Amino acid sequence: VRRLLQELKGKENITLDGKKISVYANIGSLADVGTVLSNDGGGIGLFRSEFIYLGKSSLPTEEEQFQIYKSVAEMMAGKKVIIRTLDIGADKQADYLGLEKEDNPAMGFRAIRICLSRPEIFRTQLRAVYRASAFGNISVMYPMITSVEEVKKILRIVENVKNELTESGIPWGEVEQGIMIETPAAALISDLLAKEVDFFSIGTNDLTQYTLAMDRQNSKLDEFYNPHHEAVLRLIEQVVRNGHREGCWVGICGELGADLELTERFLRMGIDELSVAPGMILAVRKQIRNSTAGI
Ligand code: PEP
Ligand code: MG
C-alpha cells in the first residue's frame, strides 16, 4: 500500500487514452473518513447514513446529523461528499421506528419508501444535509428508486426544505441531486429518470440481487450467484448511455465497482466515477491508469 500510495498520490486517474475518472470511497461513519484520506481518495461516493440511525434508542436529531455531515464535509475539504439518505428496512432494524417484521424485507417497506411515508423523518435528514452543505461540497442521493413519481415527490420535499431554511435565514449551498440505480425498474426507465436529476450511482449489490432474483445474503446461492452476469452488465451499460444522453454523470457504488476484472469494461461503457471500499481506492486507481476507455 505504501508503494502504491507513493506512486499515485496526488495524481489524476486518467486512462491510457486520456479519460479522467473519479475514484471515491464508500463509508459508513465519520470514523471512516481518516482511512479515505490516508488512501488518497478523491471524495466520498457513498455515505451510508443509516448507520447514524442504527444502534440507538431514538431517531437521531437534526442537530446530531448536521454535526456529523458537517464534520465529514470539512474533513474532505472541498472534495465531493455524497450522502445517501436513510436506507433502512426490516433487515436493518431500528426498534424505535416500530417497523413490522416482514417475510421478505428486501422487497418490503424500506429506504425511500419509509422516507416518503414518514416525511417528518425525511425532512429532518434533508435539513441536516442542507445545513451541512454550507460547510463543504455535499451531494445527496436517494436509495431504492423505482419510479419517476417517487423522484418528483422527493424533489418537491427538497424544494420545500430549502425554502424553509431560507426563510429562517439558515445558509445552505448547492447540493447535486442523484439517485441510486439499484432496481431493474430504475435501470429500465433510466432515460426518464435522467431528466429529473444530476447524477446516477449504480448500486450493483442490490441491482444484482433483484435482477438475478437471488438474495445477496444467502450463502447457499454462492454457486449460482454470478456477479459478472451479462444481464447486470447490460443494465449498467444502458444506464450509462441513458444518463449521458440527458447530461447526468454516472458512477458505480456497489461492490462491482472495485472488481478489477471489470474496470476496463466499465470505462469502455463510459462510466465517470467508481466509489469503492477505502482499502480498494489505490488498486482501482492503478487499474484505471493501465486501461483504455476507447474514446
Ligand atoms: C448497492 O446496493 O449496491 C449499494 C451500494 O447499497 P447497499 O450495499 O448499501 O445496499
Ligand atoms: Mg443498495
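Criteria and cut-off values
Residues numbered from 1 in each chain as written. Chains lettered and ligands numbered in written order. Predicted model: local features only at pLDDT ≥ 70, side-chain atom pairs only at ≥ 80, totals over all residues. Helix = DSSP H or I, 4+ residues; strand = E, 2+ residues; numbered from the N terminus. Rg over C-alpha atoms; globule rule 2.2 N^0.38 Å. Buried ≥ 20, exposed ≤ 12 C-beta atoms within 10 Å, placed from the backbone. Contact = placed C-beta atoms within 7 Å. UniProt positions renumbered as here; feature names shortened; annotations may be inferred. Pairing = 2+ DSSP bridges. Right-handed = clockwise from strand over helix to strand, strands pointing away. Axes fitted to C-alpha atoms, helices over the stretch in contact; angles between N-to-C directions.

### Quick notes on the overall build of the protein chain
Here's step 1: If you tally the helices and strands in the protein chain, you get 13 helices and 8 strands.
Here's step 2: Against the globule reference of 19 Å for 295 residues, the protein chain gives a C-alpha radius of gyration of 19 Å, in line with a compact fold.
Here's step 3: C-alpha atoms of the protein chain, sized along the principal axes, occupy 50 × 40 × 35 Å.
Here's step 4: Taking all 295 residues of the protein chain together, 44% fall into the buried category.
Here's step 5: Residue pairs in contact within the protein chain that sit at least 24 positions apart in sequence constitute 71% of those at least 6 positions apart.

### Considerations on the environment of Ile52
Here's step 1: Note on placement: Ile52 falls in helix α3 (residues 50-53).
Here's step 2: Look at Ile52 and you get buried, because 21 C-beta atoms sit within 10 Å.
Here's step 3: Note: C-alpha distance between Ile52 and Val161 (109 residues apart in sequence) is 21 Å.
Here's step 4: With sequence-adjacent residues up to four places away left out, Ile52 is seen in contact with Pro60, Gln65 and Ile68.

### Some points on the UniProt feature "binding site: phosphoenolpyruvate" (unreviewed entry) in the protein chain
Here's step 1: The UniProt record marks Arg48, Arg84, Asn205, Asp206 and Arg216 with the feature "binding site: phosphoenolpyruvate" (unreviewed entry), using the residue numbering of this structure.
Here's step 2: With respect to the helices and strands, the residue Arg48 is situated in strand β2 (residues 43-48).
Here's step 3: Judged by the 19 C-beta atoms lying within 10 Å of it, Arg48 is partly exposed.
Here's step 4: Apart from the residues within four sequence positions on either side, Arg48 is in contact with Gly28, Arg84 and Asp87.
Here's step 5: Considering the arrangement of structural elements, one finds Asp206 in helix α10 (residues 204-212).

### Some remarks on the pairing of strand β8 (residues 273-276)
Strand residues, when the strand is regular, have side chains that alternate between the two faces of the sheet.
Here's step 1: Residue alternation in β8 divides its side chains into two sets, Glu273 and Ser275 and Leu274 and Val276, and both sets are buried.
Here's step 2: With 4 bridges connecting them, strand β1 (residues 22-27) and β8 associate as parallel partners. Bridge pairing links Ala25 to Val276 in β8.
Here's step 3: Across 2 bridges, strand β7 (residues 249-252) lies against β8 in parallel orientation. Counterpart to Gly251 in the pairing with β8 is Glu273.
Here's step 4: Crossover β7 to β8 through helix α12 (residues 263-269) is right-handed.

### Thoughts on the sheet that holds β2
Here's step 1: Ordered in space as β1-β2-β3-β4-β5-β6-β7-β8, the 8 strands form a closed barrel in which the pairing is parallel. The average undirected angle you get between the axes of adjacent strands in this sheet is 25 degrees.

### Describing the UniProt feature "binding site: Mg(2+)" (unreviewed entry) in the protein chain
Here's step 1: In this structure's numbering, the residues bearing the UniProt feature "binding site: Mg(2+)" (unreviewed entry) are Glu182 and Asp206. Despite a sequence span of 25 residues, these residues sit close together in the fold, their greatest C-alpha distance being 5.3 Å.
Here's step 2: Tracing the sequence through the fold places Glu182 in the loop between β5 (176-181) and α8 (184-188).
Here's step 3: Residue class for Glu182 comes out buried when judged on the 27 C-beta atoms lying within 10 Å of it.
Here's step 4: Ignoring any residue separated from it by four or fewer positions in sequence, one finds Glu182 in contact with Pro143, Met144, Gly203, Asp206 and Leu207.

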